[in-house]
Every structure is written in C-alpha cells, then in structure tokens.
Amino acid sequence: MGNVSVMKRIIYLWVLFSFSNSFSQQKSEVKEKREIGLEIQKYPVGTITVITYNYFFKETWAMRFRVGGNFANRKDESGFNDDEKANGFGGSFGINKYVRSGNGNFIFGANVDVWNMWTKWIDYSEIPQNGKTYTLVIQPWINAGYLYNFSKKFNAGIYLGFGREINVITDGENVGQGLMGSLTLSGNYKLN
C-alpha cells in the first residue's frame, strides 16, 4: 500500500502545480474563461459521476480537471470472477479542443482518469469464495462530441469516448479491466 500513498502524493502535487501554474500566468489578449460543471459518464458496466473544471488557456483550448466517483457492476463479465461490484473515488486531467459550429462547439479531447477502486467479488465454484480487492486504476480516454450554448453562461451536450481500464496496483485477487466505450452527458456554467 506504500505505492498507493506515493502515487496519491504525485497526483496531488501535479494537480496543485497545474492549478497554480495556470493561475499565475500573465493574461493575454484573450479574455480568461473558466467553467465548472457536472458530468455523468456511462460505460458498459458502470457509471462515473464527476464535478468538472475547465480552464481555457487559449480561445479554443481548455485544460480539464474532474473529481468524483466511479461505480461498476461487472457481474460475470470480468473474466476473473462470477460477480464483481466496485466503487471508488478519483479524478482526471486532460485537454479539449473546441471547434465553433452553429450555436455551440464540437469538442475533441483526451484525458487520463485515476481511480481508487474497491471491488467485492464472488466465485461460485465447487467451493464458493468471496473477497474484496483494492485497485489503483488508470483510464486513458479519447472523446468527441457537441456542446450547445443555451445562454452566454450555460452549455450542455453529449460526447462519446473510447478508453482502457488498466489495473496498475492490485491488492487482492485479480478483477476486471480492459477496453471500453462511454457516453457522457455534460453541463457547464461559465464563471466569468
């Protein structure tokens, strides 16, 4: 579990550095833009709910930060156990490109999620077994979609994503991981 503590510190320092660096930069001729929002991301065996923060460092480019929860019910689809239910917390960082179209923007992006997950599993063999496994999960994603501007302050939209769930640290029996797609509903409020 020492590796988990070190990884958490590295992630914390990176996020802290990113926030402080982005706020300390000189203002350019482009007006600073920041958004907060909510997202619900559905993937085949689960749901991710997050609070988002978008910092536009250029007119059409934004750094994204997300923090929230990940809830999975793999049932017997993991390849390791007959039933797996997992939940955990974490966050992500990434970048989005915005392309103006109509009354909104097409978005194209990439991000990396880091999740602390606890999975309860059951194997129904001749001698049934059950247990709990901790995993530190890395999920790189690419995504694309459309955000519609409902007003000068609020936008909402939908996008599709493709990623991979990678169990970097496992404490306990092996649990599910692999490729997956997702559908995300997003709503954002402009702070300035």
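Within each chain, residues carry numbers counting from 1 in the order of the written sequence. Where totals are concerned, whole chains, interfaces and linings use all residues; where local detail is concerned, this predicted model gives features only for residues with pLDDT of at least 70, and gives and counts side-chain atom pairs only at 80 or more. To obtain the side-chain values, all non-hydrogen atoms of the structure were included, while hydrogens and water were left out.

1. Some details on the overall build of the chain
Then comes step 1: The secondary structure listing takes helices from DSSP runs of H or I that are at least 4 residues long and strands from runs of E that are at least 2 residues long, numbered from the N terminus. Across its full length, the chain carries 1 helix and 8 strands.
Then comes step 2: In the chain, the order of α-helices and β-strands from amino to carboxyl end is α-β-β-β-β-β-β-β-β.
Then comes step 3: We call a residue buried when its accessible area falls under 20% of the maximum for its residue type, exposed when it is over 50%, and partly exposed in between, using a 1.4 Å probe and counting protein chains only. In the chain, buried positions account for 42% of the 192 residues.
Then comes step 4: Here the analysis covers contacts within the chain between residues at least 6 apart in sequence; of these, 59% occur between residues at least 24 apart.
Then comes step 5: Accessible surface, the chain as shown: approximately 10,800 Å² in total, 61% of it carbon and sulfur. We call two residues contacting when some pair of their heavy atoms lies within 4.5 Å. Shrake-Rupley sampling with a 1.4 Å probe provides the accessible areas, and residues are treated as covered by the protein chains on show and by no other component.

2. Side note on the pairing of strand S8 (residues 178–190)
Walk down a regular strand and you will see the side chains alternate between the two sheet faces.
Then comes step 1: For strand S1 (residues 33–43) and S8, the ladder comprises 8 bridges, and the chain directions are antiparallel. Paired with glutamine 41 across the bridge in S8 is threonine 184.
Then comes step 2: Here the rule is simple: two strands pair whenever DSSP picks up at least two bridges between them. Both strand S7 (residues 154–171) and S8 contribute to a ladder of 12 bridges, which runs antiparallel. Across the sheet, the residue bridging to asparagine 155 is asparagine 188, located in S8.
Then comes step 3: Taking the residues that link successive antiparallel strands as the turn, the S7-S8 hairpin has 6 residues, and the phi of glycine 172 there is positive, at about 130°.

3. Digging into the packing of aromatic side chains
Then comes step 1: Each pair of aromatic rings taken from Phe, Tyr and Trp, with Trp reduced to its six-membered ring, is defined by centres within 6.5 Å and is described as stacked if the planes are under 30 degrees apart, edge-to-face if over 60, and tilted in the remaining cases. Within the structure shown, the criterion is met by 7 aromatic pairs.
Then comes step 2: Summarising the aromatic geometry, the rings of tryptophan 118 and tyrosine 134 are spaced 5.2 Å apart at their centres and angled 55° between planes, so their arrangement reads as tilted. In this pair, tryptophan 118 is assigned in strand S5 (residues 104–123) and tyrosine 134 in strand S6 (residues 129–149), connecting sequence segments 16 residues apart.
Then comes step 3: Note on tyrosine 148 and phenylalanine 150: the rings are 4.8 Å apart at their centroids and 75° apart in plane angle, and the pair reads as edge-to-face.
Then comes step 4: Its relative accessible area of 35% is what places tyrosine 148 among the partly exposed residues.
Then comes step 5: Chaining the aromatic ring pairs together yields one cluster made of Phe89, Trp118 and Tyr134.
Then comes step 6: Two conditions define a charge sitting above a ring: the NZ of Lys or the CZ of Arg must be within 6 Å of the ring centre, and it must be within 35 degrees of the ring normal. Between lysine 33 and the ring centre of phenylalanine 56, over which it is positioned, the NZ or CZ distance is 4.3 Å.

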